[in-house]
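So the chains spell out like this:
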Amino acid sequence: MTHDPSIVMIVDDDDSIRRAVRRLMKSFGLAVETFASAEEFLGSERLEKTSCLILDVHMPGMDGLQLQQHLVASNHAIPIIFITAFTDDRARVQALRAGAIGYLAKPFSDDELLDCIHAALKPPEGASLQPRRQ
């Protein structure tokens, strides 16, 4: 699958989380798009452009685990980082067994999320994500 350079998609029904994570990703020079639901993401025609997916576990309609299952079943190998406000060991194990890069409990630190982004995007040897100076 060919991607534009590092496009991170955020799927979370919480607008404040989408905004905060978007700002953080943009501060590191990443292209970011946000979606309020799994259905909105799937209907956006952005699937093939996705380098990494930051995905809420609990959402109305299709939840994050169901979206992960859908992507795996349709052979879309997108690195997924789950974020959740609800600790659920079964959901965590399910997500990680299905190939998730990370599973972070809200509130998570910027460093925790960035570590997962680094693992998901695997920059070339010697390169790293650095905040842009404004």
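Up top is the structure.
Being a predicted model, the structure only gives us computed values, none of them experimental.

What counts, and at which threshold
Throughout this description, residue numbers start from 1 for each chain and increase along the sequence as written. Whole-chain, interface and lining totals are the exception, using all residues; otherwise, since this is a predicted model, local features are given only for residues with pLDDT of at least 70 and side-chain atom pairs are given and counted only at 80 or more. The side-chain figures draw on all heavy atoms in the structure; neither hydrogens nor water molecules are used. When DSSP finds two or more bridges between a pair of strands, those strands are recorded as paired. Under the scheme used here, helices are H or I runs from DSSP no shorter than 4 residues and strands are E runs no shorter than 2 residues, and both carry numbers assigned from the N terminus. An axis is simply a line fitted to the C-alpha atoms; with a helix, the fit covers only the stretch in contact. Between two such axes, the angle follows the N-to-C directions and lies from 0 to 180 degrees. Throughout, a contact is declared for two residues whenever any of their heavy atoms are within 4.5 Å. A 1.4 Å probe rolled over the protein chains alone gives each residue an accessible area, and that area as a share of the maximum for its type sets the label: buried under 20%, exposed over 50%, partly exposed in between. Crossover handedness is defined here as right-handed if the route from the first strand over the helix to the second strand goes clockwise, with the strands pointing away from the viewer.

### Some points on the sheet that holds strand β3 (residues 52–56)
Across the sheet, five strands lie side by side as β2-β1-β3-β4-β5; this open sheet has parallel pairing. Looking along the sheet, the strands with just one partner apiece sit at the ends: β2 (31–35) and β5 (102–105). Pairs of neighbouring strands in the sheet enclose a mean axial angle of 20°, with direction left out of account. As paired strands, strand β1 (residues 7–11) and β2 are joined by five bridges and run parallel to one another. Residue pairing in the sheet places isoleucine 10 in a bridge with threonine 34 of β2. Contacting β4 (80–84) and β5, helix α4 (residues 89–97) crosses the sheet at an angle of about 155° to β5. The strands that helix α5 (residues 110–121) touches are β3, β4 and β5; relative to β3, the one it contacts most, it runs at about 140°.

### Regarding the pairing of β1
Buried residues dominate β1, accounting for five of its five residues. Alternating residues of β1 divide into Ile7, Met9 and Val11 and Val8 and Ile10, and every residue in both groups is buried. Read as a crossover between parallel neighbours, the route from β1 over helix α1 (residues 15–27) to β2 is right-handed. Bridge analysis of β1 against β3 gives four bridges, and the strand direction is parallel. Looking at the pairing, isoleucine 10 lines up with isoleucine 54 of β3.

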